[in-house]
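Each chain, written out:
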Amino acid sequence: MGQVIELRHVDKVYKGPPDVQVLFSVDLAFEEGSFNSIVGESGSGKSTLMNIIGTLDTPTDGEVFIAGQRTRRLGRNRLAELRNRTIGFVFQFHYLLPEFSAIDNVLMPYVIGGKRPSSDVREWADELFDIMGVSAVKRKPASRMSGGQQQRVAIIRSLINKPSIVLADEPTGNLDSVNSAATYERFRDINQRYGTTFVIVTHDRRIAEQTDRIVEIRDGRLVLDINR
Amino acid sequence: MVLPLRIAARFLLSGKAQTLLIVLGISIAVSVQVFVGLLIDSLQEGLIEQTVGNSPQVTIRSSVENVTISRWEPIVSSVDSYNATRYVGVAATSNAFISKSNGSVPVVVRGLDGVAMDSIYGLSRSIYAGDTIASAGEVLIGRILSDNLDVTVGDRLPVTTPAGTRVDYRVAGIFDLGVGAIDGSWVVTNLRTAQSLFGFGDRVTSIEITVDDVFAADALAADVSALLDTDRLEVTNWKEENAQLLNALESQSLSNNIIQAVIILSVAVAIASLLSITVLQKRRQLGILKAMGIKDGSASLIFVYQGLLLGVAASAVGISLGLGLLYAFTQFATPGGESIIDFAVEPAFILRTLIIVISASGIAGLIPASRSLRLNPIDVIREG
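Please read these numbers as outputs of a predicted model, since none were measured by experiment. (Residues numbered from 1 in each chain as written. Chains lettered and ligands numbered in written order. Predicted model: local features only at pLDDT ≥ 70, side-chain atom pairs only at ≥ 80, totals over all residues.)

Novice: What's the story with the overall build of chain A in this structure? I'm lost.
Specialist: Within chain A, the regular secondary structure consists of 7 helices and 10 strands. Taken over C-alpha atoms, the radius of gyration comes to 17 Å for chain A, in line with the 17 Å a tight globule of 228 residues would show. Taken over the C-alpha atoms alone, chain A extends approximately 45 × 40 × 40 Å along its principal axes. In chain A, buried positions account for 47% of the 228 residues. Sequence-distant contacts in chain A: of pairs separated by 6 or more residues, those separated by 24 or more amount to 71%. (Helix = DSSP H or I, 4+ residues; strand = E, 2+ residues; numbered from the N terminus. Rg over C-alpha atoms; globule rule 2.2 N^0.38 Å. Buried ≥ 20, exposed ≤ 12 C-beta atoms within 10 Å, placed from the backbone. Contact = placed C-beta atoms within 7 Å.)

Novice: Honestly, the overall build of chain B in this entry has me stumped. Any pointers?
Specialist: Tallying secondary structure elements over chain B gives 15 helices and 10 strands in all. Relative to a compact globule of 384 residues, whose C-alpha radius of gyration would be 21 Å, chain B shows 32 Å and is clearly more extended. Projecting the C-alpha coordinates of chain B onto the three principal axes gives extents of approximately 105 × 45 × 30 Å. Here chain B holds 384 residues, and the buried ones make up 37% of them.

Novice: I'm lost on the interface of chain B and chain A in this one. Help?
Specialist: Accessible area lost upon the coming together of the parts serves often as the stated size of an interface. Listed by partner, the interface residues are 17 residues for chain B and 20 residues for chain A. Those elements that provide at least two residues to the side of chain B that touches chain A are α1 (2–14), α12 (283–291) and α15 (377–383) of chain B. Considering only residue class, the side of chain B that touches chain A consists of 9 nonpolar, 4 polar and 4 charged. (Nonpolar A, V, L, I, M, F, W, Y, C, P; charged D, E, K, R; others polar.)

Novice: Mind showing me how you'd approach the domain arrangement of chain B here?
Specialist: Each assigned domain of chain B is listed with its residue range as follows: domain 1 (2–50 + 245–383) and domain 2 (64–229). Domain 1 of chain B and domain 2 of chain B are separated by 52 Å when their C-alpha centres are compared. (Domains from an automatic or database assignment.)

Novice: Looking at this model, I keep getting lost on the pairing of strand β1 (residues 3–14) of chain A. Mind explaining?
Specialist: Regular strands place side chains that alternate from one sheet face to the opposite one. Residues and elements named next belong to chain A. With 8 bridges connecting them, β1 and strand β2 (residues 20–31) associate as antiparallel partners. Following the sheet pairing, Glu6 is matched in β2 by Ala29. Linking two consecutive strands that pair antiparallel, namely β1 and β2, is a turn of 5 residues. (Pairing = 2+ DSSP bridges.)

Novice: Would you take a moment to explain α12(B) for this structure?
Specialist: An α-helix turns once every 3.6 residues. As a result, residues three or four positions apart point the same way. With respect to burial, α12(B) is a largely interior element, 7 of its 9 residues being buried. Turning to α12(B), its buried residues are Gln285(B), Leu286(B), Gly287(B), Ile288(B), Leu289(B), Lys290(B) and Ala291(B). Elements that come into contact with the buried residues of α12(B) comprise α2 (76–86) and β6 (87–90) of chain A together with α13 (296–332), α14 (347–373) and α15 of chain B. Remark: Gly293(B) follows α12(B) within two positions and exhibits a positive phi of approximately 110°.

Novice: What should I look at first to understand the packing of helix α2 (residues 16–53) of chain B against α13(B) in this one?
Specialist: Helix packing geometry: the angle between the two helix axes and the distance between the axes. Residues and elements named next belong to chain B. One can describe the packing of α2 onto α13 by two numbers: an axis separation of 6 Å at closest approach and a directional angle of 45°. In terms of orientation, α2 lies oblique with respect to α13. You can see that α2 and α13 cross each other, and the crossing is right-handed. Of the residues contributing to the contact of α2 with α13, the split by class is 19 nonpolar, 6 polar and no charged. (Axes fitted to C-alpha atoms, helices over the stretch in contact; angles between N-to-C directions. Parallel < 35°, antiparallel > 145°, perpendicular 65-115°, else oblique. Left-handed = near helix turned anticlockwise from the far one by under 90°.)

Novice: So what exactly am I meant to see when it comes to the sheet that holds β1(A) here?
Specialist: Two pairing modes exist for strands in a sheet, parallel and antiparallel, and in both the strands are linked by backbone hydrogen bonds. Within the open sheet, the 4 strands sit side by side as β2-β1-β4-β5 (chain A). Their pairing is antiparallel. Where the open sheet ends on each side, the last strands, each with one partner, are β2 and β5 (69–70) of chain A.

Novice: Please clarify how the nonpolar core should be interpreted in this entry.
Specialist: Within the largest apolar cluster, 108 residues are counted, with the highest numbers of intra-cluster contacts made by Val153(A), Ile156(A), Leu167(A) and Val199(A). The residues contacting Val153(A), other than those within four sequence positions of it, are Leu96(A), Ala102(A), Asn105(A), Val106(A), Val134(A), Ala142(A) and Met145(A). (Core = buried A, V, L, I, M, F, W, Y, C linked by C-beta atoms within 7 Å.)

Novice: Is there a simple way to explain the environment of Val10(A) in this structure?
Specialist: Residues and elements named next belong to chain A. The residue Val10 is located in strand β1 in this model. Among the residues examined, Val10 registers 24 C-beta atoms within 10 Å and is labelled buried. Distance from Val10 to Gln210, taken between C-alpha atoms, is 27 Å for residues 200 residues apart in sequence.

Novice: Help me understand helix α11 (residues 243–281) of chain B in this model?
Specialist: Taking 1.5 Å per residue, 39 residues should reach 57 Å; α11(B) reaches 57 Å between its end C-alpha atoms and fits that length. Taken together, the buried positions of α11(B) are occupied by Ile263(B), Val267(B), Ala268(B), Ile271(B), Leu274(B), Leu275(B), Thr278(B) and Val279(B). (Expected span 1.5 Å × (residues − 1).)

Novice: How should the confidence of the model for chain A be read in this particular structure?
Specialist: Any residue range with low pLDDT should be treated as having predicted coordinates unsuitable for detailed reading. Taken as a whole, chain A shows an average pLDDT of 89; of its residues, 99% reach a score of 70 or greater. Within chain A, the lowest mean pLDDT, 83, falls on helix α7 (residues 205–208) of chain A, and the highest, 94, falls on helix α3 (residues 102–112) of chain A. (pLDDT = per-residue confidence, 0-100.)

Novice: Teacher, can you tell me more about the environment of Leu7(A) here?
Specialist: Residues and elements named next belong to chain A. Here Leu7 shows up in strand β1. Since 23 C-beta atoms lie within 10 Å of it, Leu7 is described here as buried. Expressed as a C-alpha distance, the spacing of Leu7 and Phe30, which sit 23 residues apart in the sequence, is 9.1 Å. Other than its neighbours up to four places away in sequence, Leu7 contacts Val26, Asp27, Leu28, Gly62 and Val64.

Novice: Got a minute to help me understand unusual backbone geometry in this structure?
Specialist: What you tend to see is this: most non-glycine residues have negative phi, and most peptide bonds are trans. Positive phi outside glycine occurs at Asp219(A), with the angle close to 50°. Mapped onto the elements of the fold, Asp219(A) is located in the loop between β9 (213–218) and β10 (221–227).

Novice: How should the sheet that holds β9(A) be read in this particular structure?
Specialist: Residue and element names in this part refer to chain A. Spatial strand order, β6-β7-β8-β3-β9-β10: 6 strands in an open sheet with mixed pairing. Each edge of the open sheet is held by one strand with a lone partner, namely β6 and β10. Neighbouring strand axes in the sheet, compared pairwise and without regard to direction, differ in orientation by 15° on average. When β6 meets strand β7 (residues 165–169), the two strands line up parallel, connected through 4 bridges. Residue pairing in the sheet places Gly88 in a bridge with Val166 of β7.

Novice: What's the story with the packing of α11(B) against α13(B) in this structure? I'm lost.
Specialist: Residue and element names in this part refer to chain B. Packing of α11 against α13 brings their axes to within 11 Å, and their N-to-C directions diverge by 135°. Considered as vectors, α11 and α13 are oriented oblique to each other. You can see that α11 and α13 cross each other, and the crossing is right-handed. Here α11 contributes Ile271, Leu275, Thr278 and Val279 to the contact with α13, which in turn contributes Phe303, Gln306, Gly307 and Leu310. Of the residues contributing to the contact of α11 with α13, the split by class is 5 nonpolar, 3 polar and no charged.

Novice: Whenever I open this one, the pairing of β9(A) confuses me. Can you help?
Specialist: All names here are of chain A. Here strand β3 (residues 35–39) pairs with β9 via 4 bridges, running parallel. Bridge pairing links Val39 to Glu216 in β9. Pairing of β9 with β10, which is carried by 6 bridges, proceeds in the antiparallel orientation. In the sheet register, Glu216 faces β10, and the bridge partner there is Leu224. In sequence, β9 turns back onto β10 through a hairpin of 2 residues, with Asp219 there showing a positive phi of about 50°.

This is the structure in structure tokens:
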């Protein structure tokens, strides 16, 4: 298996004053089709690391390769294309568009890619709604759904383009333990069925222990990397 | 292109009350523009129509006083061949007086050909008593002259020329052109009758021309002038004879244009500032759209489309409202029982307003669009 994500000597400094360095020469790679977690305390730099992997943020120094592409050389539009085609995001605070229904939110990454949703895509969306147990709210405006429903719809949205990478930042923060466990089972199922690479950022070790590889970050440095 | 439009529409519809207020605010400005613009246009048209509507706008006369024009037919056919020309007629005109028991009344006897009589002066349409001239020896007189002389249809009118020739004519009809100078002094007859009365033979005293565009009368006059022997003939046009009126009209047009420009500017500024607020309101949504891969250009287009959609809605409502105001004005502003202006919708003006308002709205959308261009998704994600 090749490396779908690769970080080489990545530093991140937030310009001050005072300047604050949050990542220190991070070398990290994730294999295609792997199921991973990044753990760390609050303020350890794990969200910054995920944003850099997701090309939303840029490293102060070092290189990031996503699906074989060196991101430093790409302009804003090429990065947007790369994100749209390759990466599915699940953010900590769900981030649905409240003006749109659940199905419109889910289809949004596909439409942004410049295509009209085909019947195959709609069937795929229906399947995901079924898998995540939120078919009943498909036509409902996002603003009128519960936090848990919104989070599950956001997870469906991250998968609609069948991306090679899913980056999830505390994806079950709004879900109870039963739904949380069920969501990780579904992530695992999608990982196995479609070979999607998952990188899940969490502060919860019990969740991390369900993944094949745990990377721990502390004070901006990788301190643990366990393959299970 | 379709996605930014869809998002723009959804953003506007998601805040219905806010959108409605914006549309209403802009519509009121547009309605004022339409109302004032059409009102001033109508008033100007009415004034021009009253001034030059029922008279020639270009006239060829002899450059020497009291000299008639011979061989006028080739001139008429040459002038008639110009595209700008609408009608060309000829007239044999001279002063005369009407003998009364207690003195005499000065009049202007105007012998007109058919074109001048009907197409230029519209006399047949203005006859309110009697009929048009059916044979030689008949005349039409104006309402005021008829009152002054106490003469009515069928009466004999004794006309005496300065040379002392006196002929009695039958009054066939009485006209009312609404112009005191004409209605109080003209005795109109056909060309032959006047030529014979004054001993002009086949000659005429003026060649009278109307044009399609009254404001192009000076251009036609210049063209005609170049064609003629200017030692013998002179060409005048209504614009040089009504310079003060033209100045007033131009000043009015200028003030109208300033009002329109200020309104358009206020519409554009209102849209730009309101949409700039929307960029702040929709910052979170923009961040997530950009994180999902929407390109900066497409994200910016959302605000241009919002501007355009607001412009379309506001111009549709504003134009309807403006036309409604104008209609109400024609119905209720009726001093003396008659409306000051006619309710006339000028499609070119409406189309121009529509294009200007929508373009200004789209351009106003460029300001928030450029603000959205700078928005980095990571800033929104970090804010949580």
